[in-house]
Amino acid sequence: MTGTRLDLDRIRAARHVIDPVFLDSPLFRCDPLGHRLGCAVSIKLETANPVRSFKGRGTELVTSQLRDGAAVCASAGNLGWALGWSGRRRGVDVTVVASRRAPAAKLDRIRALGTTLELVDGDFEAARERAVELARQRGVRLVEDSLDVETCEGAATIGLELVDRVSPGDAVLIALGGGAMATGVGHVLKELAPGVEVICVQPAGAPAMTLSWRERRVVTTDSMATIADGVAGRFPIAAVLDDLLQVADDAVLVEEASIVAGLRLLLEEAGVVAEPSAALGVAAVLEDPGRFAGRHVVTIVCGGNADMDAYRRWAGF
Ligand SMILES: Cc1ncc(COP(=O)(O)O)c(C=O)c1O
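Rules behind the numbers
- Residues numbered from 1 in each chain as written.
- Predicted model: local features only at pLDDT ≥ 70, side-chain atom pairs only at ≥ 80, totals over all residues.
- Pairing = 2+ DSSP bridges.
- Helix = DSSP H or I, 4+ residues; strand = E, 2+ residues; numbered from the N terminus.
- Axes fitted to C-alpha atoms, helices over the stretch in contact; angles between N-to-C directions.
- Contact = placed C-beta atoms within 7 Å.
- Domains from an automatic or database assignment.
- Nonpolar A, V, L, I, M, F, W, Y, C, P; charged D, E, K, R; others polar.
- UniProt positions renumbered as here; feature names shortened; annotations may be inferred.
- Buried ≥ 20, exposed ≤ 12 C-beta atoms within 10 Å, placed from the backbone.
- Right-handed = clockwise from strand over helix to strand, strands pointing away.
- Near = placed C-beta within 6 Å.
- Parallel < 35°, antiparallel > 145°, perpendicular 65-115°, else oblique.
- Left-handed = near helix turned anticlockwise from the far one by under 90°.

J.: Please provide a residue-by-residue account of the sheet that holds strand S5 (residues 116-120), values included.
T.: Pairing between sheet strands relies on hydrogen bonds along the backbone, with the strands arranged either parallel or antiparallel. Reading across the sheet, the four strands line up as S5-S4-S3-S6 and stay open at both edges, with parallel pairing between neighbours. The sheet is open, and its two edges are formed by S5 and strand S6 (141-143), each paired on a single side. Sheet twist, expressed as the average angle between the axes of neighbouring strands with direction ignored, equals 20°. Across five bridges, the pairing between strand S4 (residues 93-99) and S5 is parallel. What sits directly across from threonine 95, in S5, is threonine 116. Docked against the sheet, helix H6 (residues 124-138) engages strand S3 (70-75), S4, S5 and S6, running at close to 165° with respect to S3.

If you want it as structure tokens, here you go:
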């Protein structure tokens, strides 16, 4: 594939840098969930690691280049926890900037690592602005999720773990936020398993990247409203969109009620506690069962960090 920032050799090499604790996550057929959804469903479980999300794959790569240095990132929570975790392991001084409205569970985990956390008013985009300013003032590395190719390459290693387990005609459902995971996993699938359909899923309440993919140009939004905080952004990055246009077969939007229903199904039928962003794939099947009927669908359960009070409300207990 040409004209993309992603490269299969670099993604393969990434596996040797990432702590094995993040690699080869469970991938299993979940028949009870499949019965409920009317298709064969496999779950790629990215919550069974020390930071309960796939983001550690990318932060391992980033921090391997920064030994004993410093870094600043903006985060909805999971990147910050992962960067703090990887940074601590390598003596990197990490500062995370997050929205005051981010889930307390994520913010508490970041603090518990001893990572410096600065909170800002406003949404994730406000955190992004502040992180740029801080990194410039301090003269340290700004880690920009999805723009920094290492974050995409780290996520792409998930794709390497899928290719032997999928067949032509299968669909892989990928939560879409900034696009690191969708571009990375999508790249590997298009290179090594081109008959597999790559479908990105975003909440209708935070649709900027999906609208951009559909219009083939960056489309921003003024506001967003979704419980899927991990994928909620308003300003897609042009370079990431270019990569996404090469690998995504479709980008779909799902309603909040479907995300909640997806969370419940994952709990009831798979015994998996997912955060809302990780239920987007199940939500997509719920909204369009005919499209997936009788097929094999892989959904990446990409994070499991939610405030427990909110989770109990969504899960109905
Ligand atoms: C749980 C979860 N799912 C999905 C995403 C979105 O991933 P990306 O920004 O790579 O598109 C994130 C981003 O932090 C996340 O934490």
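J.: Explain the domain arrangement of the protein chain to me, and be specific about the residues and the numbers.
T.: If you check the domain split of the protein chain, you get domain 1 (8-53 + 149-315) and domain 2 (55-143). Taking only C-alpha atoms, the centre of domain 1 and the centre of domain 2 are 22 Å apart. Across the boundary between the two partners, domain 1 contributes 28 residues, which contact 22 residues of domain 2. A per-element tally of the side of domain 1 that touches domain 2 places helix H7 (residues 149-162) first, with six residues. Classifying every residue of the side of domain 1 that touches domain 2 by side-chain character gives 13 nonpolar, nine polar and six charged.

J.: Lay out the UniProt feature "domain: Tryptophan synthase beta chain-like PALP" (unreviewed entry) in the protein chain with the relevant residues and their values.
T.: UniProt records the feature "domain: Tryptophan synthase beta chain-like PALP" (unreviewed entry) for residues 23-303 in the present numbering. Strand forms 19% of residues 23-303 and helix 45%; the C-alpha atoms that close the span are 15 Å apart.

J.: Which residues make up the pairing of strand S7 (residues 171-175), and what are the values?
T.: In terms of burial, S7 is a largely internal element, five of the five residues being buried. By the alternation rule, side chains of S7 split into Ala171, Leu173 and Ala175 and Val172 and Ile174, which are all buried. In this structure, S7 lies alongside strand S8 (residues 197-203), joined through five bridges in parallel fashion. If you follow valine 172 over to S8, its bridge partner there is valine 198. In terms of handedness, the path from S7 via helix H8 (residues 180-192) over to S8 forms a crossover that is right-handed.

J.: Explain the site of the ligand to me, using residue names and the numbers behind them.
T.: The environment of the ligand is made up of 23 residues, and the closest members are Asn78, Gly177, Ala180, Gly230 and Gly303. Of all the secondary structure elements, the ones that give two or more residues to the shell around the ligand are helix H4 (78-90) and H8. When residues of the shell around the ligand are assigned to their parent elements, the largest contribution, three residues, is made by H8. Taken together, the residues that form the shell around the ligand break down as 11 nonpolar, nine polar and three charged. Residues from two domains meet in the shell around the ligand; each of domain 1 (8-53 + 149-315) and domain 2 (55-143) gives at least three.

J.: Tell me what's going on with the packing of H4 against helix H5 (residues 104-112), and back it up with residues and numbers.
T.: It is the contact of H4 with H5, at a shortest axis distance of 9 Å, that shows an interaxial angle of 15°. Relative to H5, H4 is oriented roughly parallel. Once H4 is placed against H5, the crossing between them reads as left-handed. Seen from H4, the contacting residues are Asn78, Gly80, Trp81 and Gly84; seen from H5, they are Lys106, Arg109 and Ile110.

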